[in-house]
Amino acid sequence: MLRKGLWVFLLLCCFTAAWGQDTFRAAVAFRDGFVAAGDRIARLDAEAKPTDTFPLQAPLVSLALVEDTLFALDTAGTALLHITPSGEILSRKAAPSRGRLRAIAADGRTLWAVTDAGEILRTRDGEQWTILDFNAHYQGFYPEMAFCAVAAGGGSVMVAGVGTDKTPAAFTSAGGSVWSQRSLDYAEGGVPRMLEAEPLSLSYDALRDRFYLLCKGGFQLTLPSCSHCNSLSRYPVEALYARVPLAFDSLLLGSGGFVRLEKP
Amino acid sequence: MNCFRKVFLAAALFSLAASALAQEDQLPIYLNTSYSFEERATDLVSRLTLEEKQALLGNNMAAVPRLGVKGYNVWSEALHGVLSGANPSVGLLGPTSFPNSVALGSTWDPALTERMASAIADEARAIYQTGTKGLTFWSPVVEPVRDPRWGRTGESYGEDPFLATEMARGFVRGLMGSDPKYLKAVPTAKHYFANNSEFDRHVSSSNMDSRDMREFYLYPYKRLIEDEKLPSIMSSYNAVNHVPTSASTFYLDTLARRTYGMKGYVTGDCAAIEDIWNGHYYAETRELATALGLRAGVDSDCGSIYQRFAISAYEQGLLPMADIDRALINMFTVRMRTGEFDPDQMVPYTLTEPSRVSSAANRALAAELAVRTPVLLKNEGKVLPLDPGSLKRIALIGPQADDVELGPYSGRPEASAMISPYAGIKAYLAQKGYDVDVTLSTGGDIKSKSNLLYIAYFEVEKTDGTVTRYDATKFTASAEGITVGSGMGEEEQVRSIDDGTWTAYDNVDITNIENITVGLNIPTEGGIVEIRVGGPDGNLIGRIEATKASGARVGGVYGASMPMKTNALKLGFNGPQTVYLVYKAPQDAPIDEATLKAAREADVAVVFVGTDENTATEEADRLTLLLPGNQLSLIKAVAAENPRTIVVMQTLGCVEVEEFCHLASIPSILWTGYNGQAQGEAIPRILFGEVSPGGKLNATWFKSVKDLPAITDYNLRKSAGAQGRTLWYFDREVSYPFGYGLSYTTFEYSNFRISKTAITPNDAVTVSVDVTNTGDFSADEVVQVYVSTPDSPAALERPLKRLKGFQRVSIPRGQTRTVSIGIKCADLWFWDMDKDRMTFDPGRYVFEIGASSADIRGTVSANMSGSLDRKLKTVWASADANVLRIGDVTRASFSACMNDDSFENGLKGIWKSNNPAVATVSADGTVTARRMGVATITCQVTAGGVTREDSFAVKVMPQMGIASLKVGGKAVRIGESSQVSYVMKPGKAPLVEAVAADPAIEVSVKQAGAVPGTAAVTLSDKVTGDSRVLTVIFGTKGVSDSFQKPTLGNQWQPVREDPALWSLTERPGSLVLTSGKGDIAQEENDAPNILVQEANADWTVDTRLTCFTTPAAPAQNAGLVAYQCDDNFVKFVYSATFNFRRLDVPAAGQLQLLVEENGSQKSLVSLPMDGIIGADNVLYLRLVKEGDLYTAWYSVDGRKYEKMGTARAQLRDVKAGVLCCGGAMPAMMRAFGGGRGGFTMPEAAPLKVAFDEFKIVSRSSK
């Protein structure tokens, strides 16, 4: 049975890849549609249909929209890029961090970023950054973290990554100075379980007031306001890269060119 | 991690905390075990910053490394075993799963429950030692089962509040342990209160009179708090009498704390605080919901509302810091009582080894419990017990024959510990050496037929591709029982869908219909949706099989809808039609022949049937009391094949049995609740007679669900059209009565007696009976005592009977035991709704002694007279604040509740402080902070000959004041204001010097440099990070303007000037402003033409404002402003009222005094102008600045001014001026926007206003 499921899974991956679609690793809602980026950058309409596609100098892994200004990270993670929706780099700010920038997120005028060295950064102008060395601050109290995901909204920010033993973990904060660990437990058929999949990104859905942790293996852990009501779902992809809400719909991006607009 | 590593870690944290505080001269109070837990908790809280406090108000309590406070998850469950799984990395096996509460309730054995809870606490301690879980458990459920359809019936101990209390008492005692100082683990009784239906729990109100409330719903809480010092309760989702319990000061503070005396913490159920806002619509904002929850007494939010909005609630003035502090003190006091902050060697439970989890002893206890829960419902011809020696073949049939159903909120035990009936019976027979052929056939299923589907919408797609969506919740008619709700999700759905129910929709245009899509969620097994036209039995135009069996996606009870599409049958219908969605349960699977053959060929057939977590659970009540799936058919089919059919039911509570319980071919029926991991070990011991069943039903088994009132009806007493509830008031025939249960033996009752026949409420009586085991088996009997009051006037509608005592006794065959049951007469109270206190009916009290509520073997009675001696029961002392600074004065007060649960006013309290050097308390309860440290303030009260006391702790912090302030070398007297103003000529600003009042406080001064300018004196508390800023502002004289010239004077400094929107010529002598889009509201800072001038002093500004139209939605406004920047200002404006729920409905204008500091805005005073402002829309506005105090005045005629209100804001480099803004949609509404189903800003014509003058008089501070 397991083997049969695996074949279906692989066929599905091949099928979507065979479409020749781009694999997008990040997206933001942008003017009644989306901007999605990966090896290339594209404008998608509200139904997730590409309207324009543009080449990029380097693949992008994270996007954030701050008051109509688009920021991005490339795979190097050494700078914050101010880009146009067509991928043109308008400016490049060197990361003020020790570690590589791995993800960015916007909440109002605040831009959040996390690094693989366990730093959590925030700025309101792109010039002045507040940097929390999470691992130093919480040494002995929380696991030492390499962060790879951040999302913000609804009065809080959440970061996620893996500890030194590769165990996933997530933390929340309202202001960015004090962090609480958010348990990644969930129940499956009444059986208590802990998330084991490696996080790839986080998303916040304002309408539903909940975070989503997107992971390798196509796993998505839903993290609602209720702190122990997490639920796990799985998509037929090897990696689920991004989830971007647009009003009631959500754009899902995954490996193998997986693009799905989920409607309620 | 082994224990020693944990101990090492704990020691390391302790020393880390200590070293973090090494700057202090001695061990900080919160780590010093010579202080009380409450003093230590108060000290700890006093050291927290506001952001730390906020992060500690939820379930996931943040770590605070600088204080050595580790992260802590308050949530865990332990209803019948620690909710956890195996964790080999730290050496933990899966925890033991004991029988669930409904099963425990049928043991009628609180001592056994206490042993179980003690074992659970041992396992909890062992798990805690590994650092993977906390010690606070949200168990037990103490709500009595008012209605068996309640989805969480299986989590309760039973129907009668006395039984539920006594069983919960055992649990609470066992979990808390017996150490006089430390808690072994922390029980939380839930769900406070009257959360007895699931489908509507987030939005509904459980309505009742005060009698049902006190006598039934609150009884378990009262007894557990008063008798057992219960340290925690959980406030529920629901409202009671239209007030959310989690927002009710009366329910939480007045009743739980001040009446019953609960010391400890209240946690809100998960999302209960959020429900105040978006479930009950009791608060318009999450900040207000936060404030209501904390002020009412919910100390911790299992959702994340507190942790996101407490600071803004505080900053908006909705919530005093004292309430935040009090919540944290309550929580940390309990955490400290577990020993978390003490050296390990002081805490008796710290060396509990991981091997205690799933230990042999606990496995044995689970097995012992499992044989004491079964209830024998029928045993015609004494078919049971079975003689294994006479059996050649036994057929085990049914979906539970080889299953281990544990029920909710159980840990996941080791697979080897989970014994199914099939495995248990086979092993038992083999072990005993019997050669019996045991066959197994599942033969049926437990597929739920309740709550088939949740339906959100349906879509009609036409041949031209157009799609029209219909909201399924907006039906025009429906079958009985259909409800609408969203549960914990965000999507409104049609719910409570039972087999055969339907919803109808008028005017659905199905012309040229091609496809139909239904947006649905499958909570458990799913069902079939038939789309019909004209009626529930009308023409079928579509059918969707939305079942788990067909492979459709199961979303669970929290799931959102997913679309399922079907081709429409083109039957020629055109135009608008009434479309019916008809819901059907999947067809029952037929009973297979192999099963019937097995039954036929066996000497005896044992059918194992029951319910599971899909039958009913959180969020989902049962809609029927029938056994789910095809089990009823299975029972009857097997019984038709084998005249010796035994039914073994394992269910979450009562099920309808009338269809099979009278069948002669079913001579025996056995029932248990979910019987834990050892259920399969227990069943052969019962079936084969090693142990006689001794359990008794913990609930009435109704003949039919039709005997029950609507599940939303929380009244207990019979009313027109509704039966009474529970054994108290239900007077019709039942299948099995409360307390019922047979045995393999027989018991005779004799020699009934009572210790007193004349009683008062102050007495205690002992009811005694001799019970003789007259049968062939040694067995247990549960002797039950019910009390009725036949002399009570009929109009009072007293209960038919109430359980008031019981005892389970083991009696060897042929022997007699005297059973004596003590009853305190004070517990025989009723609630007097007029006098709001307990009352006792005079006359006969009949004590019915029997084997069930219906099987009364004898009675004794006593005559009640006199009244309860009113004695003081609960003193509750508290202060307006627990964290003070030197010199602060706060008021302490107390309440005194008597033993009849009424309050006594006018009593004298004797106050004392255990540390007057730190804090003194005067005779009237005035607490004065003297010097740094902690003190316990105690209030002693005497009433009714009884003296009781209560206390609270206060922490005194260093004073944040200034000893001296000099400006330009001259001493300045500082009043209440945090700002001192000077009017000067432009030039160099004078030097500002300051000295802190307390040496523990750091002081720094940032000089102004020039006039105009601002000097800032900052006082910092090194411990908490708290700071206070005092500003000295230097400004020049303001320049008035009567707007006679066609151009703006030089004094004006427009912000975001848009010349098209202001004019000095349109109306000569006036400055006319037209609103542009936007405002200066929180993050929306885009309003044009904020016309301001330098005004960095004290001043009075007057203007005459004429509005050409009334400000319109959503937030047009115009008036005066004291302005530092877009994020810091005071606005005094005439504005529109924002109507959250109806954007399209114009609301009357209002005057508003608003303050925004650091981008956070709060409206301090608002005054609707209906009936005040004249038809000319003219207002005279005056804003007076005195330091940081702004006072707003208004007039409609320019002569008589009314004071509007005051605001405090510490602005720097202040400017004064006028503005006219289009207004900003509140951020919350914006977040939902986007124009795709979200909210959009209503269109309104721009607001145009004229300012006829701007008169400013500047001055220095007095």
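See above for the structure.
Along each chain, residues carry numbers from 1 onward, in the same order as the chain's sequence is written. Chains carry letters and ligands carry numbers; both start at the beginning, A for chains and 1 for ligands, and go up in the order they are written. Since the coordinates come from a predicted model, pLDDT governs what is reported: local features require at least 70, and pairs of side-chain atoms require 80 or more to be given and counted, while whole-chain, interface and lining totals use all residues. With hydrogens and water excluded, all non-hydrogen atoms of the structure serve as input to the side-chain values.

Considerations on the interface of chain A and chain B
So, point 1. On the chain B side, the residues contacting the 43 residues of chain A number 50 residues.
So, point 2. Carbon and sulfur atoms make up 53% of the area that chain A and chain B hide from each other, which totals about 3500 Å².
So, point 3. Every case where a carboxyl oxygen of Asp or Glu lies within 4 Å of a side-chain nitrogen of Lys or Arg is listed as a salt bridge. Taken together, chain A and chain B are joined by three salt bridges.
So, point 4. Throughout this description, a polar contact denotes any pair of N or O atoms lying within 3.5 Å of each other; where both atoms belong to protein, one of them has to be capable of donating a hydrogen while the other can accept it, and for residues adjacent in sequence the pair is counted only when both atoms sit in side chains. Taken together, the connections running from chain A to chain B amount to 15 residue pairs in polar contact (both at pLDDT 80 or more).
So, point 5. Among the secondary structure elements, those contributing two or more residues to the side of chain A that touches chain B are β16 (180-182) and β18 (191-194) of chain A.
So, point 6. Secondary structure follows DSSP: runs of H or I at least 4 residues long count as helices, runs of E at least 2 residues long count as strands, and numbering of each begins at the N terminus. Examining the composition of the side of chain A that touches chain B, we find that three residues originate from one element, β16 of chain A, more than from any other.
So, point 7. Taken together, the residues of the side of chain A that touches chain B break down into 18 nonpolar, 16 polar and nine charged. Residue contacts are counted whenever heavy atoms from the two residues lie within 4.5 Å of one another. As a working definition, buried area equals the accessible area (1.4 Å probe) given up by two parts on being put together, with both sides summed. For this classification, Asp, Glu, Lys and Arg are treated as charged, while Ala, Val, Leu, Ile, Met, Phe, Trp, Tyr, Cys and Pro are nonpolar and the rest, including Gly, are polar.

Observations regarding the sheet that holds strand β52 (residues 1001-1006) of chain B
Residues and elements named next belong to chain B.
So, point 1. By definition, two strands form a pair when at least two bridges between them are found by DSSP. Read from one edge to the other, the open sheet built from four strands follows the order β49-β55-β54-β52, with strand pairing classed as mixed. Looking at the sheet topology across the chains shown, the edges are occupied by β49 (979-983) and β52. Averaged over all neighbouring strand pairs, the angle between strand axes comes to 10 degrees, with direction disregarded.
So, point 2. Across five bridges, β49 lies against strand β55 (residues 1027-1035) in parallel orientation. To get an axis, fit a line to the C-alpha atoms, keeping to the stretch in contact for a helix; angles then go from 0 to 180 degrees between the N-to-C directions.

Some thoughts on the nonpolar core
All names here are of chain B.
So, point 1. Ranked by size, the top nonpolar core spans 195 residues in total, and within it Tyr-192, Phe-193, Ile-233, Phe-332 and Phe-847 carry the most contacts.
So, point 2. In terms of residue count, the dominant contributor to this core is helix α5 (residues 110-129) (ten residues).
So, point 3. Core analysis: the second largest hydrophobic core is formed by 44 residues, Leu-1120, Leu-1179, Val-1214 and Val-1249 among them. As used in this record, nonpolar core signifies buried Ala, Val, Leu, Ile, Met, Phe, Trp, Tyr and Cys residues forming a set joined through side-chain atoms within 4.5 Å. Whether a residue is buried, partly exposed or exposed follows from its accessible area with a 1.4 Å probe, protein chains only, as a fraction of its type maximum: under 20%, in between, or over 50%, in that order.

With respect to empty space enclosed by the protein
So, point 1. Think of a 1 Å grid over the protein atoms and nothing else: a 1.4 Å probe that fits but is trapped marks a cavity, an open set flanked by protein within 12 Å on at least five of seven lines marks a pocket, and residues with an atom within 4 Å of a point count as lining. Grid points are joined across faces, edges and corners, and a volume is the space filled by probe spheres set on the points. The final tally for this structure, using the stated rule, is ten cavities of 30 Å³ or more.
So, point 2. Counted as a void, the largest cavity has a volume near 230 Å³.
So, point 3. At the level of elements, β14 (156-163), β15 (168-173), β16 and β21 (219-224) of chain A together with α3 (50-55) and α12 (306-315) of chain B are the ones that each hand at least two residues to the lining of the largest cavity.
So, point 4. The greatest single-element share of the lining of the largest cavity, amounting to three residues, is contributed by α3 of chain B.

Brief notes about the packing of aromatic side chains
Aromatic ring pairs are reported here in terms of the distance separating the ring centres and the angle at which the planes meet.
So, point 1. Each pair of aromatic rings taken from Phe, Tyr and Trp, with Trp reduced to its six-membered ring, is defined by centres within 6.5 Å and is described as stacked if the planes are under 30 degrees apart, edge-to-face if over 60, and tilted in the remaining cases. Per the stated rule, a full pass over the model turns up 40 aromatic pairs over all chains.
So, point 2. Measuring from centroid to centroid gives 4.9 Å for Trp-1052 of chain B and Phe-1254 of chain B, while their planes differ by 70 degrees, and the two rings are edge-to-face. Residue Trp-1052 of chain B is found in the loop between β55 and β56 (1053-1055), and its partner Phe-1254 of chain B is found in strand β71 (residues 1248-1259); the two are separated by 202 residues along the sequence.
So, point 3. Using a relative accessible area of 6% as the deciding quantity, one classes Trp-1052 of chain B as buried.
So, point 4. One aromatic cluster in this structure is built from Phe-134, Tyr-138, Tyr-142, Phe-147 and Phe-171 of chain A.
So, point 5. Across from the ring centre of Trp-876 of chain B, 4.4 Å away, lies the NZ or CZ of Lys-263 of chain B, which sits over that ring.
So, point 6. The aromatic ring of Tyr-786 of chain B is capped on one face by Lys-801 of chain B, whose charged end is 5.7 Å from the ring centroid. Charges are assigned to positions over rings by a cutoff of 6 Å between ring centre and Lys NZ or Arg CZ, combined with an angular limit of 35 degrees from the ring normal.

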